[in-house]
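Residues per chain, in single letters:
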Amino acid sequence: MELFKNKANAFLNGCFYPLLIFFVTLISHTFSLELFGVTIIFITVSLGLIICDNLKFLISPLIMFILTFSQKSIEDGRFFQKPYLIAMICFAIYFIALFIVHFIIHKKSVNIKSFTKSKLFLGYVLLCGSFLLNGILNFNEYDVRNLTFALILILSIGVVFFIFSINLCNDDNIKNYLFYTLYLVSVLITFQLFLAFVSQIQIENGEIIKESIMLGWGMWNNVGGMLAMLLPIHFYFASTVKKFGIIFYLSGMVSFLAIVLTLSRSSLLVSCLIIVISAIACCFYGNNKKICRIVTAIVFVIGVLGIIVFWNKISSILGDYIARGFDDNGRFDIYKRGFENFLQNPIFGGGFYSVDAQDHTFAFFLPDRYHNTIIQMMGACGIVGLLAYIFHRYQVIKMLWCKRSLYTFFACLCISALLLTSMLDNHFFNFYPTFVYSILLSVINNTKNEADTN
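A brief look at the structure comes next.

Cut-off values and rules
Residues numbered from 1 in each chain as written. Predicted model: local features only at pLDDT ≥ 70, side-chain atom pairs only at ≥ 80, totals over all residues. Heavy atoms only, no water. Salt bridge = Lys/Arg side-chain N within 4 Å of Asp/Glu carboxyl O. Helix = DSSP H or I, 4+ residues; strand = E, 2+ residues; numbered from the N terminus. Buried < 20%, exposed > 50% of the residue type's maximum accessible area, 1.4 Å probe, protein only. Disulfide = S-S within 2.5 Å. Core = buried A, V, L, I, M, F, W, Y, C linked by side-chain atoms within 4.5 Å. Contact = heavy atoms within 4.5 Å. Expected span 1.5 Å × (residues − 1). Phe/Tyr/Trp six-rings, centres within 6.5 Å; stacked < 30°, edge-to-face > 60°. Lys NZ or Arg CZ within 6 Å of the ring centre and 35° of its normal.

Turning next to the pattern of salt bridges. For the structure shown, the criterion picks out three salt bridges. Between R145 and D143 there is a salt bridge, and its shortest N-O distance comes to 2.8 Å. Across the pair R331 and D425 runs a salt bridge whose closest N-O atoms are separated by 3.2 Å. Residue R331 is located in helix α17 (residues 331-344), and its partner D425 is located in the loop between α19 (406-421) and α20 (432-445); the two are separated by 94 residues in the primary sequence. Overall, the relative accessible area of 14% leaves R331 in the buried class. Note on D425: relative accessible area 3%, which makes it buried.

Listed below in C-alpha cells is the structure:
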C-alpha cells in the first residue's frame, strides 16, 4: 500500500499527470466523450486529495476541466437537464467534503498564516466582500441570484487563491510546473480550435463565419481571450529553455495565428501588443537572445511579405475584421447603460442581475454583463465595488513589483492580457480565466523576493 501511495504521489505531482489530463481533455472534447473525461478527472482528483500533501496536482485538472465540454454536447442541452444538474450539485458537495478530509489528513501542510500575511489578503477580502454586497440597497429590484453569482465569483477569484496560498508546495519547481501546465492548456485550446475548423466552423465564399466559432466551453471571444492570456508562456520558455527554445517561439507564433482566426478583435488587439513585448523581451533577456533576434527578424520579414503577396486571400478569410473595423459593436451604448445603473445605485450598485446589456449569454444562469470590468464593477457593485477592485489592483501591482524577475515579467504579461481584454469583454467574470489569474498570483506571492535562476 505504501509503495502504491508513493508511486501515485510521484505521478500526480510529476510532469506526466498534466499531460494525461491534456490528452483526456482533448479526446473528450473532440469526440464529445465528456463523461469519459469527467470520470478520469474525478478519480484522479479524488485520489490526489487523499494521498497528496499539497495541491500542486490540482492545477491541471482545475484549469482543463472546463475544456472537456464540446459544442455538440452543449447544443443538445444534455448538461442543462435536471439529472445532470443534480449530479453536478452532488459532485460539488462531494468535493467540498473531500477538501475538508484533505485538510484534516494533511493538516501539517496547511499554512493559514501564508494567506492572512499575504500582500494581497486585504484586497481579496474587500473585493469578495463587494461581490457579496452587490445590489444590496436596490430593494425594489434585488434578485437572489445576485448572491449566487457573487458566490461563484468568490469561488473562482478568492477561494482558488486562498486554497493554493495555504496548501501549495513552495519548491523551486512549482513556478516552471505552473507555466508548463499553462503551456499545455494553450496548446490544447489551439488544437481544439484547429480541429473545429475541420469539423464544424463554417467558411462561405472564402470567409470565416464568426458565429460558427463555438467550442462548447466558449465562443470566439472566450477562445481568443484565453489564448491571448496564455500567449506569453510560449515566449518565456523560448527565452529560458536552452537548445530547444526556438520550438516554443514558433509555437507562440502558431498560437498567435489561432488568435487571429478566432476573429475576436479585442483578443487580437491585445495579443498584438503582447507578442511584440514578448518577442522584444526574448531578444534581450534569457538564454537564447541571439537566436531569438534572428528568428524575430525572419518572422517579421516573412510576415510582411506574406501579407503583401497573399493580401487578397487573407482579406477574404478574415473579412469579419475588415467589415467591422473599429466599430464599437454596441459597446458604448452598453457602457452608457452601465453608468446610468451606477448613478441610480451609486453605493452598492444595482446588482449583477440588474444589468441591461443585452448580452444574450449562452449559459442561462449567467447574467448579462457590460463587457468592461470598470463599468461592470460600477453598475453591479457601485462605488464600493469599484474602490475594492482598484485597491486589489494596487496590491497586485505592488506585489508583482516586489517579486520582479523574468518569470514574474511574463506572468505579468499573462495577467495584463486578461485585464486588457476584459476592458472590452467579460473574461474577468467568466470564472475559468480567473482560475489561471489566481493560481499565478498565489505562486508568485509565495516565492521569495529574488531573481529567477532559471
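On we go from here.
Quick look at the state of the cysteines now. All chains considered together, the criterion is met by zero disulfides. Its sulfur unpaired, C414 is 9.2 Å from the next cysteine sulfur, which belongs to C412. For C414, a relative accessible area of 0% translates into the label buried.

The nonpolar side chains of a soluble globular protein tend to be buried, and buried together. By size, the foremost hydrophobic cluster in this structure holds 121 residues, and its most contacted members are F131 and F179. No other element matches the 14 residues that helix α10 (residues 174-199) contributes to this core. Those residues in contact with F179, other than ones at most four positions away along the chain, are I233, Y236, F237, Y407, F410, A411 and L440. Listed in part, the five residues of the second largest apolar core include I334, Y335, V355 and I375.

Right, let's talk about α10 for a bit. Taking 1.5 Å of rise per residue, 26 residues should cover 38 Å, and α10 covers 37 Å from first to last C-alpha, within 8% of that figure. In terms of residue burial, α10 counts as a mostly covered element, since 19 of its 26 residues are buried.

This structure, assessed with the given rule, holds 34 aromatic pairs. Summarising the aromatic geometry, the rings of F11 and Y17 are spaced 5.9 Å apart at their centres and angled 70° between planes, so their arrangement reads as edge-to-face. On the basis of relative accessible area, F11 is assigned to the partly exposed category, the value being 36%. Here a set of aromatic residues connected by ring pairs shows up, and it is made of F131, F149, F352, Y353, Y389, F428, F429, F431 and Y437. When the ring centre of F284 is taken as origin, the NZ or CZ atom of R293, which lies over that ring, is 5.2 Å away. Residue placement shows R404 over the ring face of W401; its charged tip is 4.3 Å from the ring centre.

By themselves, these figures tell us nothing about what the structure is for.
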